[in-house]
Amino acid sequence: MKFLEKKKILLIISGGIAAYKSLDLIRSLTKIQCEIKTILTKGGSEFVTQLSIASLSKNKVYSDIYSVENESEMDHISLSRWADLILIAPATANIIAKMSQGISDDLATTVVQASNKNIFVCPAMNVRMWEHSSNKQNIEKIKSYNYKIIGPFNGEMACGEYGDGRMADINYILNELDNFFKSKSNNKKFKAVVTAGPTREYIDPVRYISNRSSGKQGYEIAKSLFNSGFETTLISGPSKLTPDPNINFFKVNTAEEMYQKTIENLPCDVAIFCAAVCDFKIKNLREDKIKKNKDLNLDFEKNIDILKLISKNNNKPKLVIGFSAETSNLHLNSKEKLQNKGCDWIIANDVSKNDIGFDSDFNEVSIFYKDKNVENEIISKTYKSVVADEIVKRVINQLNLI
Ligand code: C5P
């Protein structure tokens, strides 16, 4: 448990019979010198007491009994900022449902909602509750927020029924957390640059051409890289999204500015070009606003191809990944792009479908590799955050091979 040692864990105990196991969890964590603060929900307090938790964790236990002291400390913010990680064990179907919907009607759910930390959820409930489609949907939803699910295990439950729903064993939970900190620490040596969003190519001081890209996929990739320990730089065209404050963030408008910022951020280990860069720009940028009483003809010229230039740069990152948004011949065009651009992978998505791609929360992608025998690999339709995690998993594997 080398990597978990001495970490600050914010433990949320919600109201399930497995709450008694959390006392053991606290003991195991304190043995490896973790610092633990606990939030005990109203339901949780029906199963274990504040006194037993405080005695074992040797630290304060927070609950929904608000006091002036609590309010002045702004617990719902400060607790999550203090922690290295938030662990919810046991997590009942109820707290999972609330988290999936953003309901913040007590301290625990408010802290989760206001958190900027990795969140691990250990479900524990009756097998029928676990298998209920509402719960399945809620689990998918919280996975899309990048919450990690540990368990549940299969076996006999407190109610006498048998199946999935037992809280994962303490050692298993500790191992998962240790692995998380381990991979974070290993990845600290890697530097990543991500481009995202559209670019704007100006016609005159107030008008421009652009496209519908929201930046979601690129922001999710940057978030996933950062959460996995990478030193992450995000270079974004205009987007309504806000990145994590710990990500190095540069806002740009034009393709030229995006290129300059990318060059300034080399060398790096991996560069992922998610931005929907305008292929063309206006030939003669007008200095004054164009008047409407004149006929308008615009001349375009090819824009700078950032991906291509970086793939040929002397400072080329170890791994260069491009995206390919296509409305037809996805495979053929993507394989051609892999060749033409000189990058290592192309991640292709079909933007003719309304339910994935541009401005959607969902995506479905095919990854084309330069140096692998497989023709391509498909990540089936899922949340963009999950696609991001899948891509980052593959990036980590590859960088560890180079
Ligand atoms: O050529 P196409 O626009 O289809 O290529 C898409 C890929 O190239 C994306 O990764 C995109 O970010 C990148 N690109 C770029 N600069 C351009 C055009 C595309 O970096 N001017």
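Rules used throughout
Residues numbered from 1 in each chain as written. Predicted model: local features only at pLDDT ≥ 70, side-chain atom pairs only at ≥ 80, totals over all residues. Heavy atoms only, no water. Helix = DSSP H or I, 4+ residues; strand = E, 2+ residues; numbered from the N terminus. Contact = heavy atoms within 4.5 Å. Pairing = 2+ DSSP bridges. Axes fitted to C-alpha atoms, helices over the stretch in contact; angles between N-to-C directions. Domains from an automatic or database assignment. Buried area = accessible area lost by both parts, 1.4 Å probe. Salt bridge = Lys/Arg side-chain N within 4 Å of Asp/Glu carboxyl O. Polar contact = N/O pair within 3.5 Å; in protein donor to acceptor, adjacent residues only side chain to side chain. Nonpolar A, V, L, I, M, F, W, Y, C, P; charged D, E, K, R; others polar. Buried < 20%, exposed > 50% of the residue type's maximum accessible area, 1.4 Å probe, protein only. Right-handed = clockwise from strand over helix to strand, strands pointing away. Parallel < 35°, antiparallel > 145°, perpendicular 65-115°, else oblique. Left-handed = near helix turned anticlockwise from the far one by under 90°. Phe/Tyr/Trp six-rings, centres within 6.5 Å; stacked < 30°, edge-to-face > 60°. Core = buried A, V, L, I, M, F, W, Y, C linked by side-chain atoms within 4.5 Å.

Help me out: how do you make sense of the environment of aspartate 344 in this one?
Examined against the element boundaries, aspartate 344 turns out to sit in the loop between helix H13 (330–341) and strand S18 (345–350). Measuring from C-alpha to C-alpha, the distance between aspartate 344 and valine 320 comes to 5.4 Å, with 24 residues separating the pair along the chain. Beyond its immediate sequence surroundings of up to four residues, aspartate 344 is in contact with Lys316, Lys318, Leu319, Val320, Leu338, Phe368, Tyr369 and Lys370.

Before we go on, may I ask you to explain the sheet that holds strand S3 (residues 61–62) in this structure?
Two pairing modes exist for strands in a sheet, parallel and antiparallel, and in both the strands are linked by backbone hydrogen bonds. On the basis of which strands lie adjacent, the open sheet formed by 6 strands has the order S3-S2-S1-S4-S5-S6 and parallel pairing. If you trace the sheet from one side to the other, it starts and ends with S3 and strand S6 (148–149), each paired once. Pairing of strand S2 (residues 35–40) with S3 involves 2 bridges; the strand directions are parallel. Residue pairing across strands places isoleucine 39 opposite tyrosine 62, the latter belonging to S3. On the sheet, helix H2 (residues 50–57) packs against strand S1 (8–13), S2 and S3 and is oriented at approximately 170° with respect to S2. Lying over the sheet, helix H9 (residues 170–187) contacts strand S4 (85–91) and strand S5 (119–123), oriented at roughly 160° with respect to S4.

Help me understand the domain arrangement of the protein, please; the structure alone is not making it clear to me.
A common way to state how big an interface is: give the accessible area lost once the parts meet. By domain assignment, the protein separates into domain 1 (8–185) and domain 2 (188–401). Centre-to-centre separation of domain 1 and domain 2, based on C-alpha positions: 36 Å. At the interface, 13 residues of domain 1 touch 12 residues of domain 2. Both sides together, the interface formed by domain 1 and domain 2 hides about 900 Å², and carbon and sulfur atoms give 38% of it. Considering only the surface of domain 1 that becomes buried against domain 2, Ser144, Asn146 and Lys184 emerge as the three largest contributors, covering 52% of it. In this structure, the connection of domain 1 to domain 2 is made through 0 salt bridges. On the surface where domain 1 and domain 2 come into contact, there are 5 residue pairs in polar contact (both at pLDDT 80 or more). Among the residues forming the side of domain 1 that touches domain 2, the class breakdown is 2 nonpolar, 6 polar and 5 charged.

Is there a simple way to explain the pairing of strand S17 (residues 319–326) in this structure?
Two faces make up the sheet, and in a regular strand the side chains alternate between them. Buried residues dominate S17, accounting for 7 of its 8 residues. With 4 bridges connecting them, strand S14 (residues 270–273) and S17 associate as parallel partners. Directly across from phenylalanine 273, in S17, lies its bridge partner glycine 322. Remark: the S17/H13/S18 crossover connection has right-handed handedness.

What's the story with the packing of helix H1 (residues 19–31) against H9 in this structure? I'm lost.
Relative placement of two packed helices is described by the angle separating their axes and the distance separating the axes. It is the contact of H1 with H9, at a shortest axis distance of 10 Å, that shows an interaxial angle of 50°. Here H1 is positioned oblique relative to H9, judged by the angle of their axes. Helix-helix and strand crossings are classified by hand; for H1 and H9 the assignment is right-handed. Of the residues in H9, those in contact with Lys21, Asp24, Leu25, Ser28 and Leu29 of H1 are Ile170, Ile173 and Leu174.

What is the right way to look at the packing of aromatic side chains in this model?
Centre-to-centre distance and the angle between the planes together describe a pair of aromatic rings. In this structure the tally under the stated criterion is 9 aromatic pairs. When the ring of phenylalanine 180 is compared with that of phenylalanine 181, the centres are 5.1 Å apart and the planes differ by 65°; the resulting orientation is edge-to-face. Following the ring pairs from residue to residue traces out a cluster consisting of Phe120, Phe180 and Phe181.

Any chance you could explain the pattern of salt bridges here in plain terms?
Under the defined criterion, the tally for this structure stands at 16 salt bridges. A salt bridge links lysine 98 to aspartate 105, with the shortest nitrogen-to-oxygen separation between them at 2.8 Å. By relative accessible area, aspartate 105 is classed as exposed at 53%. Two residues, arginine 394 and glutamate 390, come together in a salt bridge whose shortest N-O distance is 2.9 Å. Residue arginine 394 and its partner glutamate 390 are located together in helix H14 (residues 384–401), separated by 4 residues, close to a single helical turn. Of the residues examined, arginine 394 reaches a relative accessible area of 18% and is grouped as buried. Salt bridges sharing common partners tie together Glu377, Glu390, Lys393 and Arg394.

Sorry if this is basic, but what is going on with the nonpolar core here?
Nonpolar side chains in soluble globular proteins generally cluster together in the buried interior. The biggest cluster of nonpolar side chains holds 32 residues, and the ones touching the most others in it are Leu4, Leu25, Leu87 and Ile173. Contributions of two or more residues to this core are made by S1, H1, S2, S4, S5 and H9. Sorting elements by how many residues they give to this core places H9 first, with 6 residues. Once residues lying within four places of it in the same chain are set aside, the contact partners of leucine 87 are Ile9, Leu10, Leu11, Ile12, Leu25, Phe120, Cys122, Ile173 and Leu177. In this structure, Val270, Phe323, Ile347 and Ala388 belong to the second largest nonpolar core, which totals 30 residues.

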